[in-house]
Amino acid sequence: MNNKSGVETAGNVSTSLPPKSWITLKINGAERHLEIAPWTILLDALRNLLDLTGTKKGCDHGQCGACTVLIDGKPINSCLTLAIMHDGAEVTTIEGIAKGDALHPVQQAFIEHDAFQCGYCTPGQICSAVGLLNAGKLRTPDDIRELMSGNICRCGAYPNIVAAIEQAMQSEGSAAQ
Amino acid sequence: MTTNYMGKATSRVDGRAKVTGAAKYAAEYNVPNLAYGYIVTSAIARGRITKIDASEALAVEGVLQVFTHENRHKIAEDDQSYEDEAASPGSPFRPLYDNQIKFSGQPVALVVAEEFEIARYAASLVHIEYKVESHETDLSKVRANGYEPKIKRMEGFEPVKPRGNAEKAFQRAVHQHDAEYDLPIEHHNPMELFASTAVWEGNGKITIYDKNQGAQNCQRYIANIFGFPMDDVRVISPFVGGAFGSGLRPQYQIFLAALAARELKCSVRVSLTRQQMFGLGYRPNTLQRVAIGAAKDGALEAFMHDALANTSRYEDYQEMVVNWAGSLYQCDNMKFSYNIAQLDLCTPMDMRAPGGAPGMYAIECAMDELAYKVGCDPLELRLKNYSEKDQNEGKPFSSKELRACYRQAAEKFGWANRKPQPGSMRDGSELIGWGMATGIWEAMQQPASARAVLTSDGKLEVSSATADIGTGTYTIMTQIAAETLGLPLQDVTFKLGDSTLPQSPIEGGSWTAATNGSAVKKVCDAVGAKLFAMAQKMEASPFANLKFEDVAFSEGQMRLKNDSDRGVAIGEIMRHGGATTLAEEATSSPDEAKQEPYARYTHSAIFVEVKVDEELRTIRVTRIVIAVAGGRILNPKTARSQVLGAAVGAIGMALEEESVVDQNLGRIMTHNLADYHVPVNADVYDIDVIFVEEHDTIVNPLGVKGLGEIGIVGTAAAIANAVFHATGKRVRDMPITVDKLF
Ligand code: FES
Ligand code: FES
């Protein structure tokens, strides 16, 4: 029952598993080696294999933003990309946003402005905000509303999220001066 | 430093955990040798399974088992074992019980494998054959089948008896308004997917990390179904990624995870997909008729409210849709009815302000329509018919600062500048609409227990088995405990979400602050009393001849109330008493003798501005001002968030949310977050939350009323009323989408 690629099949169906390969991800500054199957989504690799459960799964379809992480500084939906495609990439997850015990200004502002309730969308919101701020894309509250709209918050913390990011923008601005 | 925390805006005590990713939710416990379950759901709405072929799935490397109704081991058969605190009368759904299909999306198999991806892949290889039976999923087709539920879900859920003669008064009234208001099925869609990680402990015990709004409710459910001794089941849920009512009942993933763990004797995680979440309960499709008769000046003379909502074939789901007008407005002729009709869907579930949100949507839209007929300002109409007592129960209100809500919100909003004529206000190419509505929700309290452990280093741990689904429970309970024993906030820890903690009801109905808060207060007072007894025995005790009422705790000390300079540190008292820890447990129950003579409600007034593009008809909710009379506000910061979030929910309800059923398939088609629209950041502009002063010594010892639901009650109506004011177009079926405005 072997087909050409050496995969076991029952009828037309494959019963053996796709071969795994080793990749290296630089996650939150540390190199992590991972033996991974090609069908493993980056989000599942983070949550299930690397125990970095701060990154959330809200839809698995690129519709909610809960899974947002930074790859080489850019926010992406980690549910829409295969882990194996990121060999050698630098990944920043919510666990790597703070510097040790010192929270990132966005994190601090989220607490101060109560920019979350259940907290489930929060890591994605923070990663998106940090990525957008790094790219200099947020200038006005309307920018925030528009560009943060890929991150759903069912608890409806939006006005507080906008206020928190505005505060972080200001503190970043003053830090840069 | 002061240790008076109640009423102070306080950042969430779990905030740091939530912004750093440290807060762990049900699917995030990566225990050793964890297996993964993937659910297969039914493709048909009604019928039975004639064949399940799992052979291909089982042949896949790494698949451990495929569970179906054919191979599962013994589970309970009686209805009672499946009942839970939020169940409605009937025969609860039993997962993998037999070959019967009761709704599309019903779980029919669980594939368990060594890796998540393997389980997911193998699930696609499970082949199921059905004998299809014809289904009905359209409520409008079965109006004639509506019936009054024979067994009531709970007291107060039935329509109140008619008063006066509403029909006659309606016929005679100068102004008559009679219309139907429809609400589609809506799904809670919390951001966290329902999940359970069942840890097989090896000694016959099972620990389940689960998403729910009541750990003990789930513990009993699992113990009853699988025949575990209660102590062998532990359910833990310290963080819950939103629920809005969807976690009030144990969901089927906890059953599946427990089943697989028990059979395989290993730890198993089962998560639902977003699509599968549309196979859980929902706010039912609700069709309502509101008929109001009024005198020339707008005084109400007749009020009739009839509701028909869908339920499943197996449970009589019920909520209180009607009755609200009888508490809110003065009118001597009132008549209410509430019926349900069965569809081939799963049973609905309480969703944020169940009954209240749908009912008040219809009532407050109808009142708005009446205002136009009478030719008076919608706010005037409300004030004219303001109820000084609850006519339904014939009781005075324990407190009702609704007038203050109207006044303060109207002023903040600038309501006085409204031009009454629809379509008469504009901003460039956008039509401006201003609408308002009233909100009402019950102020409830349940019995609950709490434990407090104080150690001589001044650290206090308090616990109760409730939940924090984003409500701020951790924070307000910590505030109550810290203030009661006069300790710094950071020295107080509150624990919840664990079935081993002291008894608590499910977290819902806006009753948690009142319910668990009263228990926390009581147990901390009990610890205080013990400290007092100890302090009295100290040498030259300043408290020797005093009563407990004469002292207060603040800043780590027990002090004389009338001479706060005289005090002794708590740690010192304990050292003198030779105690390293003081532990107390207390149960707080509603004081019925005190509460019964009064009607107890939270109220709100909502003012909304919308801007509607004149040509495209797109609607923006540019401003919401909502004033809430919710008794004492424990934490203005988290309280505001509660109301704000509910108001955002109301934007969804009014303009976006609809679980669209393909009636041919009997299946919900908008079963993802791209097709089921919920508000995103760009949909939300200014929301102003006002808490009016309200003192209530009746509702519970803390004087709090609860805030989880009130923000969504009436708010959708205020939006609909604003849309009418902008466009002159009255849309009576939610959501108000662009197509309905042409
Ligand atoms: S989980 Fe990736 S966008 Fe929703
Ligand atoms: S905080 Fe709950 S979904 Fe955003």
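Residues numbered from 1 in each chain as written. Chains lettered and ligands numbered in written order. Predicted model: local features only at pLDDT ≥ 70, side-chain atom pairs only at ≥ 80, totals over all residues. Heavy atoms only, no water.

**Let's talk about the overall build of chain B**
Applicable threshold: Under the DSSP-based scheme used, a helix requires at least four consecutive residues in state H or I and a strand at least two consecutive residues in state E, with every element numbered from the N terminus. C-alpha atoms define the radius of gyration in this analysis, and the globule rule sets the expected value at 2.2 Å times the number of residues to the power 0.38. Classification of residues uses two cut-offs on accessible area relative to the type maximum, computed with a 1.4 Å probe and protein chains only: under 20% is buried, over 50% is exposed, and between them is partly exposed. Contacts were defined at the residue level, with two residues in contact if any of their heavy atoms lie within 4.5 Å. Under the convention used here, a 1.4 Å probe and the Shrake-Rupley method define accessible areas, while residue burial counts only the protein chains that appear. Neither His nor the chain ends contribute to the count of charged residues, in which Lys and Arg are positive and Asp and Glu negative. By convention, the charge on Lys lies at NZ, on Arg at CZ, on Asp at CG and on Glu at CD.
Within chain B one finds 17 helices and 30 strands. The C-alpha atoms of chain B give 27 Å as radius of gyration, which agrees with the globular expectation for 742 residues (27 Å, within 12%). Over its C-alpha atoms, taken along the principal directions, chain B stretches across nearly 80 × 75 × 50 Å. Across the 742 residues that make up chain B, the buried fraction comes to 66%. The long-range share in chain B, meaning contacts at least 24 apart out of those at least 6 apart in sequence, stands at 81%. Approximately 25,300 Å² of chain B is accessible, and the part contributed by carbon and sulfur atoms is 47%. A distance of 3 Å separates the average location of the 77 positive side-chain charges in chain B from that of its 94 negative side-chain charges.

**Some remarks on the overall build of chain A**
Looking only at helices and strands, one finds five helices and seven strands in chain A. Referenced to the eigenvectors of the C-alpha coordinate spread, the extents of chain A come out at roughly 65 × 30 × 25 Å. Considering only contacts in chain A between residues 6 or more positions apart, those separated by 24 or more positions represent 51%. In the form shown here, chain A has an accessible surface area of approximately 7,200 Å², with 50% of it arising from carbon and sulfur atoms.

**Here's the deal with the domain arrangement of chain B**
Residue and element names in this part refer to chain B. Here is the rule: Those domain boundaries reflect an automatic or database domain assignment. Note on terms: buried area is the combined drop in 1.4 Å-probe accessible area of two parts once they are placed together, counting the loss on both. The term salt bridge refers to a side-chain nitrogen of Lys or Arg lying within 4 Å of a carboxyl oxygen of Asp or Glu. Each residue gets one label: Ala, Val, Leu, Ile, Met, Phe, Trp, Tyr, Cys and Pro are nonpolar, Asp, Glu, Lys and Arg are charged, and the others, such as Gly, are polar.
Taken as a whole, chain B is organised into domain 1 (15-21 + 446-589), domain 2 (35-134 + 188-277) and domain 3 (143-186 + 282-444 + 596-741). For domain 1 and domain 3, the distance between their C-alpha centroids amounts to 39 Å. In this assembly, 16 residues from domain 1 lie in contact with 16 residues from domain 3. Taken together, the two surfaces of domain 1 and domain 3 that pack against each other cover about 1,200 Å², and 60% of this comes from carbon and sulfur. Our count for the contact surface shared by domain 1 and domain 3 stands at zero salt bridges. The set of elements that each furnish at least two residues to the side of domain 1 that touches domain 3 consists of α12 (473-484) and α13 (512-536). The element best represented in the side of domain 1 that touches domain 3 is α13, accounting for six residues. Grouping the constituent residues of the side of domain 1 that touches domain 3 by class yields five nonpolar, 10 polar and one charged.

**Some points on the domain arrangement of chain A**
Residue and element names in this part refer to chain A. The cut-off we apply is this: Polar contacts, as used here, are pairs of N or O atoms within 3.5 Å; protein pairs need one atom able to donate a hydrogen and one able to accept it. Residues neighboring in sequence count only if both atoms are side-chain atoms.
When its domains are assigned, chain A resolves into domain 1 (19-96) and domain 2 (105-176). Its C-alpha centre places domain 1 at a distance of 22 Å from the equivalent point of domain 2. Taken residue by residue, the interface counts 16 residues in domain 1 and 12 residues in domain 2. Interface area for domain 1 against domain 2, summed over the two sides, is near 1,000 Å², with a carbon-plus-sulfur share of 63%. Contact with domain 2 buries area across many residues of domain 1, yet Lys56, Thr68 and Ile94 alone supply 41% of it, more than any other trio. Linking domain 1 with domain 2 are zero salt bridges. Remark: the boundary between domain 1 and domain 2 carries four residue pairs in polar contact (both at pLDDT 80 or more).

**Re the sheet that holds strand β14 (residues 334-342) of chain B**
Residue and element names in this part refer to chain B. Put simply, the test is: Paired strands, in this sense, are two strands between which DSSP finds at least two bridges. The axes used here are C-alpha line fits, helices contributing only the stretch in contact, and every angle between their N-to-C directions lies in the interval 0 to 180 degrees.
Judged by pairing direction, the sheet is mixed, and its four strands sit side by side in the order β7-β12-β13-β14 without closing on themselves. In this open sheet, the two strands that pair with only one neighbour each are β7 (175-183) and β14. Sheet twist, expressed as the average angle between the axes of neighbouring strands with direction ignored, equals 10°. Alignment of strand β13 (residues 300-311) against β14, held across nine bridges, turns out to be parallel.

**Some remarks on the sheet that holds strand β6 (residues 74-77) of chain A**
Residue and element names in this part refer to chain A. Across the sheet, five strands lie side by side as β4-β3-β7-β5-β6; this open sheet has mixed pairing. The sheet is open, and its two edges are formed by β4 (30-36) and β6, each paired on a single side. Going across the sheet, the axis of each strand differs from the next one's by a mean of 40°, ignoring polarity. With seven bridges joining them, strand β3 (residues 21-27) and β4 adopt antiparallel strand pairing. When the sheet's bridge partners are listed, tryptophan 22 is paired in β4 with glutamate 35.

**Let's talk about the environment of Tyr38(B)**
All names here are of chain B. Relative to the assigned elements, tyrosine 38 resides in strand β1 (residues 35-41). Residue tyrosine 38 is classed as buried on the basis of its relative accessible area of 16%. Every residue in contact with tyrosine 38, bar those within four places of it in the chain, is listed here: Ala109, Leu110, Val111, Phe116, Ala119, Arg120, Ala123 and Thr273.

**Remarks on the interface of chain B and chain A**
Tallying the contact residues gives 64 residues for chain B and 55 residues for chain A. Together, the buried faces of chain B and chain A total about 5,000 Å²; carbon and sulfur atoms form 55% of this surface. The tally of links between chain B and chain A comes to six salt bridges. Across the pair Arg47(A) and Glu28(B) runs a salt bridge, and its minimum N-O distance is 2.8 Å.

**A short note on the nonpolar core**
Rule in force here: Nonpolar core, defined: a set of buried Ala, Val, Leu, Ile, Met, Phe, Trp, Tyr and Cys residues in which side-chain atoms within 4.5 Å join the residues together.
One finds Phe110(A), Phe303(B), Leu460(B), Leu531(B) and Val610(B) to be the most contacted residues of the largest nonpolar core, which totals 213 residues. In this view, Leu460(B) contacts Ala452(B), Val453(B), Leu454(B), Ala481(B), Leu485(B), Leu487(B), Asp491(B), Val492(B), Thr493(B) and Cys524(B); residues no more than four positions away in its chain are not counted.

**A closer look at the packing of helix α9 (residues 356-374) of chain B against helix α17 (residues 715-727) of chain B**
All names here are of chain B. Going by this rule: These descriptions rest on fixed angle ranges, namely under 35 degrees for roughly parallel, over 145 for roughly antiparallel, 65 to 115 for roughly perpendicular, and the rest for oblique. Helix crossings get a hand from a simple test, with the near helix turned counterclockwise from the far one by less than a right angle marking a left-handed crossing and a clockwise turn marking a right-handed one.
Between α9 and α17, the least distance of the axes is 8 Å, while the angle of their chain directions is 30°. Judged by the inter-axis angle, α9 sits roughly parallel to α17. Note on packing geometry: the crossing formed by α9 with α17 is right-handed. Contact residues: α9 offers Met360, Tyr361, Glu364, Cys365, Asp368 and Tyr372, while α17 offers Ala717, Ala720, Asn721, Phe724 and His725.

**Focus: the confidence of the model for chain A**
Should pLDDT be low for a region, the predicted coordinates there are not to be read in detail. The condition is simple: pLDDT expresses how confident the predictor is about each individual residue, on a scale running from 0 to 100.
The share of residues in chain A with pLDDT of 70 or more is 91%, and the mean pLDDT across the chain is 92. Every residue in residues 1-6 of chain A is under pLDDT 50, and counting partners more than four places away or in other chains gives eight contacts.

**Remarks on the side chain of Gln107(A)**
When you line up the elements, Gln107(A) lands in helix α2 (residues 105-112). Residue Gln107(A) is classed as buried on the basis of its relative accessible area of 0%. Those residues in contact with Gln107(A), other than ones at most four positions away along the chain, are Ile94(A), Ile97(A), Ala98(A), Ile126(A), Val19(B) and Thr20(B).

**Some details on the pairing of strand β9 (residues 206-210) of chain B**
Residues in a regular strand point their side chains to alternate faces of the sheet. All names here are of chain B. β9 sits mainly inside the fold: five of its five residues count as buried. Residues Ile206, Ile208 and Asp210 of β9 are buried on one face, and the alternating residues Thr207 and Tyr209, pointing to the opposite face, are buried as well. Note: strand β8 (residues 195-200) against β9, five bridges, orientation antiparallel. Its bridge partner lying in β9, threonine 197 is registered against tyrosine 209. Between β8 and β9, which follow one another and run antiparallel, lie five residues, and glycine 202 among them has a positive phi close to 95°. Where β9 meets strand β10 (residues 233-236), four bridges bridge the pair, whose relative direction is parallel.

**What to know about helix α4 (residues 116-123) of chain B**
With respect to burial, α4(B) is a largely interior element, six of its eight residues being buried. Every buried residue of α4(B) is accounted for by Phe116(B), Glu117(B), Ile118(B), Ala119(B), Ala122(B) and Ala123(B). The elements touched by buried residues of α4(B) are α1 (42-49) of chain A together with β1, α2 (55-59), β3 (63-67) and β5 (107-113) of chain B.

**Comments concerning the pattern of salt bridges**
Residues and elements named next belong to chain B. In this structure the tally under the stated criterion is 50 salt bridges over all chains. Taking the shortest distance from any N to any O, the salt bridge between glutamate 609 and arginine 623 comes out at 3.5 Å. Here glutamate 609, found in strand β26 (residues 601-613), pairs with arginine 623, found in strand β27 (residues 619-629); they are 14 residues apart in sequence, far enough to count as distant. Among the charged side chains, a network of salt bridges with common partners joins Arg46, Glu133, Arg313 and Asp344.

**Overview of the side chain of Thr473(B)**
Residues and elements named next belong to chain B. Relative to the elements of secondary structure, threonine 473 occurs in helix α12. According to the relative accessible area criterion, threonine 473 is buried, its value standing at 2%. Looking at threonine 473, its side chain comes within polar contact range of the main-chain oxygen of alanine 467, at 3.1 Å. Dropping the residues within four chain positions of it, threonine 473 is found in contact with Thr466, Ala467, Asp468, Phe494, Leu496 and Thr512.

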